[in-house]
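Architecture at a glance
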Amino acid sequence: TGGGDFDSFAQREAARQLEAFRFLREQLDSLLAQDHPNLEVVAVDDASADGTPAILEGYAARDPRVRVFRNAANLGFRRNFQEAIGRCRGDFIAPC
């Protein structure tokens, strides 16, 4: 693969992360609107360089159901997902 492939991947990844950041508040609001008595929202930030950590910490400060963790270095999608699942305390997990 040449440099063009990497650039294309990097551009797609940057666009994906921007989309996730744009809708983070909406996603958290939707999750926290649930009335399940044992709801736990586990968010593991994968060393984001945008405003994601501040948004997550803001929600965690306002709602004890939100637990936030931050990786010191980017683990990538799979390892970060495993990290998030490993941090969950409930019997049932609904990844989103």
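The structure under discussion appears in the preceding block.
Here's what I pulled together on the structure shown here. (Residues numbered from 1 in each chain as written. Predicted model: local features only at pLDDT ≥ 70, side-chain atom pairs only at ≥ 80, totals over all residues. Heavy atoms only, no water.)

**Observations regarding the pairing of strand S2 (residues 66–70)**
Within S2, 4 of the 5 residues are buried, leaving the element largely enclosed by the surrounding structure. One crossover worth recording links strand S1 (residues 41–45) to the parallel S2 by way of helix H3 (residues 52–62), and it is right-handed. (Buried < 20%, exposed > 50% of the residue type's maximum accessible area, 1.4 Å probe, protein only. Helix = DSSP H or I, 4+ residues; strand = E, 2+ residues; numbered from the N terminus. Right-handed = clockwise from strand over helix to strand, strands pointing away.)

**Re the nonpolar core**
Counting residues in hydrophobic clusters, the biggest one holds 11 residues: Leu24, Leu28, Leu32, Leu39, Val41, Ala43, Ile55, Leu56, Tyr59, Val66 and Val68. Counting residues per element, the ones that place at least two in this core are helix H2 (24–32), S1, H3 and S2. Beyond its immediate sequence surroundings of up to four residues, Ile55 is in contact with Phe21, Leu24, Arg25 and Leu28. (Core = buried A, V, L, I, M, F, W, Y, C linked by side-chain atoms within 4.5 Å. Contact = heavy atoms within 4.5 Å.)

**Quick word on the pairing of S1**
Among the 5 residues that make up S1, 5 are buried, leaving the element largely enclosed by the rest of the structure. Here S1 pairs with S2 via 5 bridges, running parallel. The partner of Ala43 across the bridge, within S2, is Val68. (Pairing = 2+ DSSP bridges.)

**Things to note about the layout of surface pockets**
For the largest pocket, the calculated volume is near 1600 Å³. Lining of the largest pocket is provided by 41 residues; of these, Val42, Ala43, Val44, Ala84 and Cys96 occupy positions nearest its centre. Secondary structure elements with two or more residues in the lining of the largest pocket: helix H1 (3–22), H2, S1, H3 and helix H4 (77–87). Along the lines of polarity and charge, the residues of the lining of the largest pocket split into 23 nonpolar, 11 polar and 7 charged. (1 Å grid on protein atoms, 1.4 Å probe; cavity = no way out; pocket = protein on both sides within 12 Å on 5 of 7 lines; lining within 4 Å. Points joined across faces, edges and corners; volume = space filled by probe spheres on them. Nonpolar A, V, L, I, M, F, W, Y, C, P; charged D, E, K, R; others polar.)

All quantities given are derived from atomic positions and should not be read as evidence of function.
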